[in-house]
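# Report on the structure
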Amino acid sequence: FPVTISHVGRFFLDEDIRDGRYYRPMVQHLLNTNEGDTVEIYINSGGGSLEGCSQIVEAIRLSPAEIHVTITGSCHSAASIIALNCDDVLVTNSAEMLVHCASYGSARSKQSDIKSFVDFSTKQLDRLIESTYEGFLTQSEITDVQNGKELWFCADEIRDRLEKRNSYFQNKNNQAKDFIQPKKCK
């Protein structure tokens, strides 16, 4: 049977990423898609709220649709996390990407509460950085980002890193298939 691809949505992330409730219609749409559907996301954003970013990323991960993203300008911080969690990334010539660790603050509180929050947030952010930028950044660069360094990439650098990332995951998947192959019984 011929396969038909249904285009079911187009979203523009062209402002700072806000808190999660702002993206409820987008998230509902992503969660109501079917296999074979296509959703397009266009990004030109300076980043923003990790909460809103996480809500979008989890909807992308849970959606059975193919999620295509086009970076049309800035793809900074939280926006880069969203982009790199999509199935396919198109990079226009005006694209640029900033990768860095989150910045956050705390209202006046007890020292122990602030320390608990920072320790918890660091674990969460480290896991998100590692899973998002695996294969896109080197392990040394991931460590640098976790330690506070900012990394900037132009369109060509983003494209090169995406190619390397694709190869990285193809090799990783091939190794996993080789590893889990059952042995033949004699």
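Residues numbered from 1 in each chain as written. Predicted model: local features only at pLDDT ≥ 70, side-chain atom pairs only at ≥ 80, totals over all residues. Heavy atoms only, no water.

The helix and strand inventory of the protein chain stands at 6 helices and 6 strands. Ordered by position in the sequence, the α and β elements of the protein chain form the string β-α-β-α-β-α-β-β-α-α-β-α. A buried classification covers 39% of the 186 residues belonging to the protein chain. Once local pairs closer than 6 in sequence are excluded, the contacts in the protein chain between residues at least 24 apart make up 70%. (Helix = DSSP H or I, 4+ residues; strand = E, 2+ residues; numbered from the N terminus. Buried < 20%, exposed > 50% of the residue type's maximum accessible area, 1.4 Å probe, protein only. Contact = heavy atoms within 4.5 Å.)

With that settled, consider the pairing of strand β6 (residues 151-154). The alternating pattern of β6 places L151 and F153 on a buried face, while none of W152 and C154, on the opposite face, is buried. Here strand β5 (residues 96-99) runs beside β6; their pairing, made up of 4 bridges, is antiparallel. Counted as the bridge partner of M97 is F153 from β6. (Pairing = 2+ DSSP bridges.)

Turning to a nonpolar patch on the surface, a few remarks are in order. A grouping of Y104, F117 and V118 is seen on the molecular surface, where their side chains present a nonpolar patch of about 240 Å² in accessible area. Counting through the fold element by element, V118 comes out in helix α4 (residues 111-133). Look at V118 and you get partly exposed, because its relative accessible area is 30%. (Patch = residues over 30% accessible without salt bridge, like charges linked within 9 Å, V, L, I, M, F, W, Y side chains within 5 Å. Areas by Shrake-Rupley, 256 points an atom, 1.4 Å probe, with all protein chains shown as cover. Salt bridge = Lys/Arg side-chain N within 4 Å of Asp/Glu carboxyl O.)

For the structure shown, the criterion picks out 9 salt bridges. Taking the shortest distance from any N to any O, the salt bridge between K110 and D113 comes out at 3.6 Å. We classify K110 as exposed; its relative accessible area is 54%. What makes D113 partly exposed here is its relative accessible area of 36%. Salt-bridge contacts for R159 lead to D156; the nearest nitrogen and oxygen are separated by 2.8 Å. With R159 and D156 both in helix α6 (residues 155-180), this residue pair falls 3 residues apart, about one helical turn.

Further remarks concern helix α5 (residues 139-146). Taken as a whole, α5 has its buried residues at E141, I142, V145 and Q146. Angular distribution of buried residues about the axis of α5 spans 140°; they occupy a single face of the element. Phi turns positive one or two residues past the end of α5, at G148, with a value near 110°. (Arc of directions from axis to C-beta.)

To continue, consider the packing of aromatic side chains. Under the definition given, this model contains 4 aromatic pairs. Relative to Y42, the ring of F12 has its centre 5.1 Å away and its plane inclined at 20°; by these criteria the two rings are stacked. Placement of the pair is F12 in strand β1 (residues 6-13) and Y42 in strand β2 (residues 37-45), with a sequence separation of 30 residues. When the ring of F136 is compared with that of F153, the centres are 5.9 Å apart and the planes differ by 85°; the resulting orientation is edge-to-face. In this pair, F136 sits in the loop between α4 and α5 while F153 sits in strand β6, placing the two residues 17 residues apart along the sequence. Accessibility expressed as a relative area gives 2% for F136, which makes it buried. When the ring centre of Y22 is taken as origin, the NZ or CZ atom of R18, which lies over that ring, is 3.9 Å away. (Phe/Tyr/Trp six-rings, centres within 6.5 Å; stacked < 30°, edge-to-face > 60°. Lys NZ or Arg CZ within 6 Å of the ring centre and 35° of its normal.)

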